[in-house]
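The lines below spell out each chain.
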Amino acid sequence: MLPARNRMTRSIDFDATVKHGIRLAQPDVVVHLRRGVDGDEIGAPRVGLVVGKPVGSAVERHRVSRRLRHVARTLLSELGQSDQLVIRALPSSRTASSARLEQELRRCLRRVPAAGSRS
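Residues numbered from 1 in each chain as written. Predicted model: local features only at pLDDT ≥ 70, side-chain atom pairs only at ≥ 80, totals over all residues. Heavy atoms only, no water.

Named according to an unreviewed UniProt entry, the protein chain is Ribonuclease P protein component originating from Mycolicibacterium vulneris. What UniProt states about the protein chain under its Sequence similarities (unreviewed entry) heading is, verbatim, "Belongs to the RnpA family." Listed in UniProt under the heading Subunit (unreviewed entry), the comment for the protein chain reads: "Consists of a catalytic RNA component (M1 or rnpB) and a protein subunit." (UniProt positions renumbered as here; feature names shortened; annotations may be inferred.)

The structure is reproduced here in C-alpha cells:
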C-alpha cells in the first residue's frame, strides 16, 4: 500500500501536476511528473492515480489501482522529496501485469530530463 504521506488527494494538486508537469506516455499508462520547486513544502514525493471508466468495470478499475499503488510504492525512492506524480491508466492496463506496469513506469522516470535537483 502507498503510505498516506505519499498519496495525492487534492484535485488542485492533480490539476497542477497535469497542467505544469512533464507528460510521458507508454502503451498502458500516461505519466505526468512535476518536479518540486524550492518553495514547495511537501516534504515527501506524492503519487496520484487516475483510473477512469474506459479501463473497465469497477472491479477491473480497482484491480488496476491496486497494482499501480503497489508499483508506485517501489518507485518512491527514485523521486525527489517534493516531486508530484500522476499516473493515468489507459484501457490496456486492465490486462497488463504488475511487472509490465512497473517496467513502463520506470522507463518513464528514466526519460525525464535531469534538470532540477533530486533530493
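J.: I'd like a description of the overall build of the protein chain, backed by residues and values.
T.: A tally of helices and strands in the protein chain yields three helices and four strands. A total of 119 residues make up the protein chain; the buried ones form 41% of that total. Considering only residue pairs separated by 6 or more positions, the protein chain has 82% of its internal contacts joining residues 24 or more positions apart. Here the protein chain displays about 6600 Å² of accessible surface, and carbon together with sulfur accounts for 50% of that area. (Helix = DSSP H or I, 4+ residues; strand = E, 2+ residues; numbered from the N terminus. Buried < 20%, exposed > 50% of the residue type's maximum accessible area, 1.4 Å probe, protein only. Contact = heavy atoms within 4.5 Å. Areas by Shrake-Rupley, 256 points an atom, 1.4 Å probe, with all protein chains shown as cover.)

J.: Could you give an account of the nonpolar core, with specific residues and numbers?
T.: Among the nonpolar cores identified, the biggest contains 24 residues, and Val-29, Val-47, Leu-68, Leu-79, Leu-85, Ile-87 and Leu-105 are the most heavily contacted of them. Elements with a contribution of two residues or more to this core: strand 2 (29-34), helix 2 (58-75), strand 4 (84-89) and helix 3 (98-111). Here this core gets five residues from one element, more than from any other, and that element is helix 2. Non-local contacts of Val-47, meaning those with residues more than four positions away in its chain, are made with Leu-2, Asn-6, Arg-7, Met-8, Ala-72, Leu-76, Leu-79, Leu-85 and Ile-87. (Core = buried A, V, L, I, M, F, W, Y, C linked by side-chain atoms within 4.5 Å.)

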